[in-house]
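Structural description and commentary
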Amino acid sequence: MKPTAEQLLAAKDTTIPDVSGPGLRVLFCGINPGLWSGATGHHFARPGNRFWPALYRSGFTERQYRPDEQRELLALGLGITNVAPRTTAKADELTAEELREGGAALRERVLRLRPRVLAVLGIGAYRTAFGQRRAALGRQPERIGDTEVWVLPNPSGLNAHYTLDGLAEEFRRLREAVDGRTDEDRSEEERSVEERSVEDETAEDRSAED
């Protein structure tokens, strides 16, 4: 349901709960909740946000989930948090100090939950929050405890540098790294299974005939 203007206004400077738990495959980390998220309690809730389509197109989910289905991600070993908890209309309303404080709190959260990968969605926010001014997209050389750190593009519709296809490609690289195999590997495995099934069926037919 679309929030009213009054609900969006009331959502400013509020917080929403994380979708998280211990031992996740990937903990996705937005910059901070927008007003739609604050009003609905759902992460990446604004219709123009491309997080959910990118998650689906990259193979992390078998279909495109809705923001109100966010807790179903936990069964897939996926979770959502934010660098800064405060809800704003735009991410640039956050101060550098808020991002640095959020980065410190996020580090503690990751050490406690120990996800396999922390994926921060926004290169600028990551650079500020973690003091890595030269960081680039992709896998980072620094870990947080045993957790790998990746940086992906911000999926906000305001990020004109990336199309949905481009976002999905960056998400796919992470998914392949987490799964340890590419889409080509999966296709080859599926073909091998099909070929073995045909051979088994043929062998059974011969056995029956004999």
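Our structure's up above, just so we're on the same page.
Presented here is a report on the structure given in the accompanying data block. Nothing here was measured: the structure is a model prediction, and the numbers come from that model. (Residues numbered from 1 in each chain as written. Predicted model: local features only at pLDDT ≥ 70, side-chain atom pairs only at ≥ 80, totals over all residues. Heavy atoms only, no water.)

Structural notes on the overall build of the protein
The secondary structure content of the protein amounts to seven helices and five strands. N-terminal to C-terminal, the α/β element order of the protein is α-β-α-α-β-α-β-α-β-β-α-α. For the protein, restricting intrachain contacts to residue pairs at least 6 apart in sequence, the fraction spanning at least 24 positions comes to 69%. Carbon and sulfur atoms make up 48% of the accessible area of the protein, which amounts to about 11,700 Å² in all. (Helix = DSSP H or I, 4+ residues; strand = E, 2+ residues; numbered from the N terminus. Contact = heavy atoms within 4.5 Å. Areas by Shrake-Rupley, 256 points an atom, 1.4 Å probe, with all protein chains shown as cover.)

What about the environment of Gly38?
In this fold, Gly38 is placed in helix 2 (residues 35-40). Distance in space between the C-alpha atoms of Gly38 and Ala10 is 8.6 Å, their sequence separation being 28 residues. Leaving out residues up to four positions away in the same chain, Gly38 has contacts with Ala11, Thr14, Ile16 and Thr87.

Remarks on the packing of aromatic side chains
Geometry of an aromatic ring pair is reported as the spacing of the ring centres plus the angle between the planes. In total, this model carries seven aromatic pairs according to the counting rule given. On the basis of an interplanar angle of 85 degrees and a centroid distance of 5.4 Å, the ring pair of Phe28 and Phe60 is categorised as edge-to-face. Pair noted here: Phe28 is in strand 1 (residues 26-30) and Phe60 is in the loop between helix 3 (51-57) and strand 2 (78-82), with a separation of 32 residues, a long-range link. Both residues of the pair, Phe28 and Phe60, count as buried. Residues Phe44 and Phe51 carry aromatic rings whose centres are separated by 4.1 Å and whose planes lie at 20 degrees to one another, so their mutual orientation is stacked. Comparing Phe44 with Phe51 shows no difference in burial state: the two are buried. Three or more aromatic residues joined by ring pairs make a cluster, and in this case those are Phe28, Phe44, Phe51, Trp52, Phe60 and Phe171. (Phe/Tyr/Trp six-rings, centres within 6.5 Å; stacked < 30°, edge-to-face > 60°. Buried < 20%, exposed > 50% of the residue type's maximum accessible area, 1.4 Å probe, protein only.)

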